[in-house]
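An overview of the molecular structure
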Amino acid sequence: MKRQFNKFFTRSLLTIALTGAASMAVAATMEVYKSPTCGCCAKWVDIMRDNGFTVNIHDVGNDDARAEAGISTELGSCHTALVNGYAIEGHVPVDDIKQLLKERPRAVGLSAPGMPHGSPGMETGRVDAYNVLLIRKPGDKRGSAEIYNRYGPGKLQQADKIPENSTTESILRLK
């Protein structure tokens, strides 16, 4: 009887530990800079929270945060998030953010420029094709950013993923 209890207890502890480790992989704190009146930004924040991120909201707009992160206005959107040394600009899907945090490429972060219909937080009934871009260097423009993923009608496949050997660290340096 005692042996069965010990076995059960050991398995229970292992299950708890593994569950905790899995949730820690996503449990990151995100600082989001947005307008206080932007409803689509609030919806995106809810999606991030529903997927395990702790989100601190700064209702001060995102122009200063975007500029300090090194994201050009050409790649801009309505909110800027900072997480684990990366900048996330706009309505980037949560799976792309999780993949970025797992791969840890040397980059500024990701952007879904503009406010594409059908992106997370922009569910309007219309779905447009859009790209999530990997921003390698501060100030990169659309032409120099890499396609990280494609979305929308006929575009639901991974594209131009980061080579395995390019993973080092974020280059985002905030003061």
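In what follows, the structure referred to is the one given above.
Predicted, not measured: the structure shown is a model, and the values here were computed from it. (Residues numbered from 1 in each chain as written. Predicted model: local features only at pLDDT ≥ 70, side-chain atom pairs only at ≥ 80, totals over all residues. Heavy atoms only, no water.)

Here's the deal with the packing of aromatic side chains
Formally: Pairing of aromatic rings covers Phe, Tyr and Trp, the last through its six-membered ring, and needs centres within 6.5 Å; plane angles under 30 degrees mean stacked, over 60 mean edge-to-face, and all others mean tilted. A run of H or I in DSSP counts as a helix once it spans at least four residues, and a run of E counts as a strand once it spans at least two, with each numbered from the N terminus. The cut-offs for exposure are 20% and 50% of the maximum accessible area for each residue type, with area from a 1.4 Å probe on protein chains only; residues under the lower value are buried, those over the upper are exposed, and the others partly exposed.
All chains considered together, the criterion is met by one aromatic pair. Each ring, one from Tyr130 and one from Tyr151, has its centre 5.3 Å from the other, and the planes form 20 degrees; the classification is stacked. Placement of Tyr130 in strand β6 (residues 130–135) and of Tyr151 in strand β7 (residues 146–151) is noted, with a sequence separation of 21 residues between them. By relative accessible area, Tyr151 is classed as buried at 16%.

Details of the pairing of strand β1 (residues 29–34)
As a reminder of what qualifies: Only strands that DSSP links by at least two bridges are regarded as paired with each other. Whether a crossover is right-handed comes down to one check: with the strands pointing away from the viewer, does the path from the first strand over the helix to the second run clockwise; if it does, it is right-handed.
Going residue by residue along β1, you find Met30, Val32 and Lys34 tucked away on one face and Thr29, Glu31 and Tyr33 left uncovered on the opposite face. One ladder, built from five bridges, connects β1 with strand β2 (residues 54–58); its direction is parallel. The residue of β2 that forms the bridge with Thr29 is Thr54. After leaving β1, the chain enters helix α2 (residues 39–50) and then returns to the sheet as β2, a path that is right-handed. Bridge count for β1 against strand β3 (residues 79–83) is five bridges, and the pairing is antiparallel. Opposite Met30, over in β3, you have Val83 as the bridge partner.

Looking at the sheet that holds strand β5 (residues 109–112)
What counts here: The convention used is that axes are lines fitted to C-alpha atoms, helices contributing only their stretch in contact, and that angles between N-to-C directions extend from 0 to 180 degrees.
The strand order β2-β1-β3-β4-β5-β6-β7 describes an open sheet built from seven strands, whose pairing is mixed. Only two strands of the sheet have a single partner each, and these edge strands are β2 and β7. Adjacent strand axes in the sheet meet at a mean angle of 20 degrees when their direction is disregarded. With four bridges connecting them, β3 and strand β4 (residues 86–90) associate as antiparallel partners.

Description of the environment of Asn62
Rules: Only heavy atoms enter the contact rule, under which two residues are in contact if any of them lie within 4.5 Å.
If you trace the backbone, Asn62 turns up in the loop between β2 and α3 (63–69). The spacing of Asn62 and Cys78 is 16 residues in sequence and 7.0 Å in space, taken between C-alpha atoms. Ignoring sequence-local partners within four residues, the contact set of Asn62 consists of Tyr33, Ser77, Cys78, His79, Thr80 and Glu89.

Quick look at α2
Rules: In a helix, the anticipated span is given by 1.5 Å times the number of residues less one. Here the arc refers to the set of directions running from the helix axis out to each C-beta atom.
Compared with the 16 Å implied by 1.5 Å per residue over 12 residues, the 17 Å span of α2 between its first and last C-alpha is a close match. Taken together, the buried positions of α2 are Cys40, Cys41, Trp44, Val45 and Met48. With its buried residues spanning 145 degrees around the axis, α2 presents them on a single face. Gly52 sits one or two residues past α2 and shows a positive phi near 95 degrees.

As for helix α4 (residues 94–103)
Owing to its 3.6 residues per turn, the α-helix aligns residues three or four sequence positions apart on the same side. For α4, every residue scored as buried is listed here: Val94, Asp96, Ile97, Leu100, Leu101 and Glu103. Of the residues one or two after α4, Arg104 is the one with positive phi, at around 55 degrees.

A closer look at the state of the cysteines
The condition is simple: When two cysteine sulfur atoms lie within 2.5 Å, the pair is treated as a disulfide.
Applying the stated rule across the entire model yields zero disulfides. We note that Cys78 lacks a disulfide partner, and the nearest cysteine sulfur, in Cys41, lies 3.5 Å from it. Note on Cys78: relative accessible area 15%, which makes it buried.

Considering the pattern of salt bridges
Stated formally: A pairing counts as a salt bridge when a side-chain nitrogen of Lys or Arg comes within 4 Å of a carboxyl oxygen of Asp or Glu.
A complete count under the given rule lists five salt bridges for this structure. For Asp59, the salt bridge is made with Lys34, and the minimal N-O distance between the two is 2.8 Å. Of the two residues, Asp59 sits in the loop between β2 and α3 while Lys34 sits in strand β1, which places them 25 residues apart along the sequence. With relative accessibility at 40%, the residue Asp59 sits in the partly exposed group. Ionic pairing is found between Arg136 and Glu146, a salt bridge with its closest N-O pair at 2.7 Å. On the criterion of sequence distance, the pair formed by Arg136 in the loop between β6 and β7 and Glu146 in strand β7 is long-range, its members being 10 residues apart. You can call Arg136 buried: its relative accessible area is 18%. Linked by salt bridges that have partners in common, Asp63, Arg66 and Glu89 make up one network.

Limitation: the analysis is restricted to geometry and does not speak to function.
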